[in-house]
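Analysis of the macromolecular model
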Amino acid sequence: MKKIALIPARYGATRFPGKMMAKLGEKSVILRTYESTVKTGVFDEVMVVTDSDIIFQEIVGNGGKAVMSKREHECGTDRIAEAMELLDYEIVVNVQGDEPFTQREPLEKLLKVFEGEEGKKVQVASLMQVLTDQKSIEDPNYVKVAVDKNSNALFFSRSVIPYPRAKDITSVYYEHIGIYAFRKETLMAFTKLEPTPLELAEKIECLRYLENGIPMKMVVTEYMGVEIDTPEDLEKAAKLL
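Now for a look at the structure at hand. Predicted model, so just to flag it, every value in this text is computed and none were measured. (Residues numbered from 1 in each chain as written. Predicted model: local features only at pLDDT ≥ 70, side-chain atom pairs only at ≥ 80, totals over all residues. Heavy atoms only, no water.)

Re the overall build of the chain
Selection rule: Strands here are runs of E lasting at least two residues and helices are runs of H or I lasting at least four, both read from the DSSP assignment and numbered beginning at the N terminus. Note that the radius of gyration is over C-alpha atoms, with the globule rule given as 2.2 Å times the number of residues to the power 0.38. With a 1.4 Å probe rolled over the protein chains alone, any residue whose accessible area is under 20% of its type maximum counts as buried; one over 50% counts as exposed, and the rest are partly exposed. It only takes one pair of heavy atoms within 4.5 Å for two residues to be counted as in contact. The protein chains shown are the only cover counted for residues, whose accessible areas, like all others here, come from Shrake-Rupley with a 1.4 Å probe. Just so you know, the count uses Lys and Arg for positive and Asp and Glu for negative, and it drops His and the chain ends. To locate a charge, the coordinates of NZ of Lys, CZ of Arg, CG of Asp or CD of Glu are taken.
From N to C terminus, the chain includes 10 helices and 11 strands. Radius of gyration (C-alpha) of the chain: 17 Å, near the 18 Å computed for a compact globule of 241 residues. Among the 241 residues that make up the chain, the fraction classed as buried is 52%. A separation threshold of at least 6 residues defines the contact pool for the chain, and within that pool the share at least 24 residues apart is 68%. When the accessible area of the chain is evaluated, it comes to approximately 12200 Å², of which 51% is carbon and sulfur surface. Averaging the locations of the 32 positively and 39 negatively charged side chains of the chain gives two centres separated by 2 Å.

Let's talk about the pairing of strand β10 (residues 173–183)
The side chains of a regular strand alternate between both faces of the sheet. As a reminder, the rule being used: Here a strand pair is declared whenever DSSP counts at least two bridges between the two strands.
Summarising burial for β10: 11 of the 11 residues are buried, a large majority. Both faces of β10 are covered, namely the face carrying Y173, E175, I177, I179, A181 and R183 and the face carrying Y174, H176, G178, Y180 and F182. Inspection of the sheet shows strand β7 (residues 124–131) paired to β10 by eight bridges, in the antiparallel sense. Bridge pairing links L131 to Y173 in β10. The sheet contact formed by strand β8 (residues 144–147) and β10 spans two bridges and is antiparallel. Its bridge partner lying in β10, V145 is registered against Y174.

Digging into the side chain of R183
What counts is decided by this rule: Whenever a nitrogen or oxygen atom comes within 3.5 Å of another N or O atom, the pair is scored as a polar contact, on the condition that within protein one atom can donate a hydrogen and the other can accept it, and that pairs from neighbouring residues in sequence are kept only if both atoms are in side chains.
Note that R183 resides in strand β10. In this structure the side chain of R183 is engaged in a polar contact, spanning 2.9 Å, whose partner is the backbone oxygen of V122. Here R183 is in contact with E90, I91, F114, G119, K120, V122 and Q123, once residues within four sequence places are set aside.

That is the geometry; function is a separate question.
The structure is reproduced here in structure tokens:
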């Protein structure tokens, strides 16, 4: 299977404006994300898709590949779909631009679910990790996901799911990691779907798949990175350098 990683990156961000160009050590967040994705070695090509001249120049000026998106988009998936119109790859992986510590092993596990007979049924897949810190579980900046017995997503939410009403039962909480993969035809079909009510309410684009009856396979990983959503996240990430 031919595989490409596309990294959607916009300069504006509601919670942390300009975060893609924020310095993490000596390099910007977006450049570190691009370089760490290339370093995994699991893709035939890696490319940043952006609406910002600043981000475009940051990547190409450092020897990377980037393309400007021509249209405004509600979410990163719509942005990379525009780029995919002219690209010939079977599997597309959306690596969020604020994931500077992207690692090889989680991506290998993510891509593996598309292999074999069972893999032919998979249209979209994404990563999740177990959350144990209660503060993180309750933090709306951490998107939680509930899954069925086959590891297909049931719901994504910024709220605590499942809600621990039964105090004698130990619940497992999963955080959705914003790296996910899809077959090209599924990605292109996604762009024709209107934003859905739950997606708009939660500001979680993956809900658009579920609200349209498209299953999303979830893959557990012990991913130990930091997603840069706030200035505080940037401080945490700096300690991991």
